[in-house]
Amino acid sequence: MKKLGILLSGRGSNFEAIARNVQAGKIPGEIAVVISNKEDALGLQTAQKMGLATRFIPSKGKEREAFDREVVAVLKEFQVDLVCLAGFMRILSPYFIRAFPGRILNIHPALLPCFPGVEVQKQALDYGVKFTGCTVHIVDEGVDTGPIVCQAVVPILDDDTVETLAARILKEEHRIYSEAVRLLLEDRIRLEGRRTLLKK
Ligand code: GAR
């Protein structure tokens, strides 16, 4: 059984969606460990209630790579095959990325390469685009730049606020993140340059 490692910093709704799909047998793997850099992260409490292995690894005051080395050590201890960043609000060091080449996924609440970074639902509203969405991508050494695995489009309505828009995007995040995890775990994806293509 392939093993997933989940990294989160907050609410953890994407983690929950993945966990539900694992339980339902829709993802061919198991969640080996859930790691948070925030002790009070709701997602960490949810994982504990689900009976999953959890680790709180504080990031505050640590150099990026020193923190990443601790996280990688735990992921290796649990023999994780695929790392899922699920609202993990930290940039990974090259050390981390080289420890799991092509095996780290991130979910981003915009249609990359539009609106990388943070507060991206607000960025999309302020810019005035009519459509935004979400992206699951393989993490490389840039910020929100890696090869795209899945995307979903969400229209922006005239009366949208950051909150209503974020909620509609989140629904799609929950759907496509599990889809991307399944594709990676089933080894269905091959890379051609930046493009991810389905293996025949
Ligand atoms: C999600 O919207 C996710 O796309 C975003 O944080 C939220 C976490 O929600 N991630 C990023 O912005 C990464 N740069 P969750 O904790 O409920 O899954």
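The preceding data block contains the structure.
Reading guide: rules and limits
Residues numbered from 1 in each chain as written. Predicted model: local features only at pLDDT ≥ 70, side-chain atom pairs only at ≥ 80, totals over all residues. Heavy atoms only, no water. Axes fitted to C-alpha atoms, helices over the stretch in contact; angles between N-to-C directions. Helix = DSSP H or I, 4+ residues; strand = E, 2+ residues; numbered from the N terminus. Left-handed = near helix turned anticlockwise from the far one by under 90°. Contact = heavy atoms within 4.5 Å. Nonpolar A, V, L, I, M, F, W, Y, C, P; charged D, E, K, R; others polar. 1 Å grid on protein atoms, 1.4 Å probe; cavity = no way out; pocket = protein on both sides within 12 Å on 5 of 7 lines; lining within 4 Å. Points joined across faces, edges and corners; volume = space filled by probe spheres on them. Polar contact = N/O pair within 3.5 Å; in protein donor to acceptor, adjacent residues only side chain to side chain. Buried < 20%, exposed > 50% of the residue type's maximum accessible area, 1.4 Å probe, protein only. Pairing = 2+ DSSP bridges. Phe/Tyr/Trp six-rings, centres within 6.5 Å; stacked < 30°, edge-to-face > 60°. Near = heavy atom within 4 Å. Sits in = over half its atoms within 2 Å of the grid points.

Asker: So what's going on with the packing of helix α5 (residues 120-127) against helix α6 (residues 162-185)? Which residues, and what values?
Answerer: Running from N to C, α5 and α6 cross one another at 115 degrees; their axes reach a closest spacing of 9 Å. Judged by the sense of rotation from one axis to the other, the crossing of α5 with α6 is right-handed. Touching Gln121, Lys122 and Leu125 of α5 are Val162, Leu165, Ala166 and Ile169, all from α6. Residues that form the contact of α5 with α6 fall into these classes: five nonpolar, one polar and one charged.

Asker: An account of the layout of surface pockets is needed here, citing residue identities and associated values.
Answerer: Of the volumes computed, that of the largest pocket is approximately 860 Å³. Taken together, 36 residues line the largest pocket, and the ones lying closest to its centre are Gly87, Phe88, Met89, Ile107 and Pro109. When residues of the lining of the largest pocket are traced back to their parent elements, those giving at least two are α1 (13-23), β5 (104-108), α5 and α6. Examining the composition of the lining of the largest pocket, we find that four residues originate from one element, α6, more than from any other.

Asker: Before we move on, could you go through the side chain of threonine 135 and cite the residues and values that matter?
Answerer: With respect to the element layout, threonine 135 can be found in strand β6 (residues 131-138). For threonine 135, the side chain forms a polar contact with the main-chain oxygen of alanine 110, separated by 2.7 Å. The residues touching threonine 135, leaving out its near neighbours within four places in the chain, are Asn106, Ile107, His108, Ala110, Leu111, Leu112, Ile148, Cys150, Gln151 and Ile176.

Asker: Break down the pairing of β6 for me, with residues and values.
Answerer: With respect to burial, β6 is a largely interior element, seven of its eight residues being buried. In the sheet, β5 pairs with β6 via four bridges, with the strands oriented antiparallel. When the bridges of β6 are listed, asparagine 106 appears paired with histidine 137. Relative to strand β7 (residues 148-155), β6 is paired through seven bridges, and the arrangement is antiparallel. Bridge assignment links phenylalanine 131 to a residue of β7, and that residue is proline 155.

Asker: Outline the packing of aromatic side chains, supporting the account with residue identities and numerical values.
Answerer: What the rule picks out here adds up to three aromatic pairs. Centre to centre, the rings of phenylalanine 67 and phenylalanine 88 are 6.4 Å apart; their planes meet at 20 degrees, and the pair counts as stacked. Here phenylalanine 67, found in helix α3 (residues 64-77), pairs with phenylalanine 88, found in the loop between β4 (82-85) and α4 (94-99); they are 21 residues apart in sequence, far enough to count as distant. Each of the two residues, phenylalanine 67 as well as phenylalanine 88, counts as buried. An angle of 50 degrees between the planes, with centres 6.3 Å apart, marks the rings of phenylalanine 96 and phenylalanine 100 as tilted.

Asker: Describe the site of the ligand, naming the residues involved and giving the relevant values.
Answerer: Surrounding the ligand, one finds Arg11, Gly12, Ser13, Asn14, Gly87, Met89, Ile107, His108, Pro109, Leu170 and Glu173. In this structure, an oxygen atom belonging to the ligand sits 2.6 Å away from a side-chain N or O atom of serine 13. Applying the majority rule of atoms within 2 Å of the grid points places the ligand in the largest pocket. For the shell around the ligand, the elements supplying multiple residues, two or more each, are α1, β5 and α6. Class assignment of the residues belonging to the shell around the ligand gives a composition of four nonpolar, five polar and two charged.

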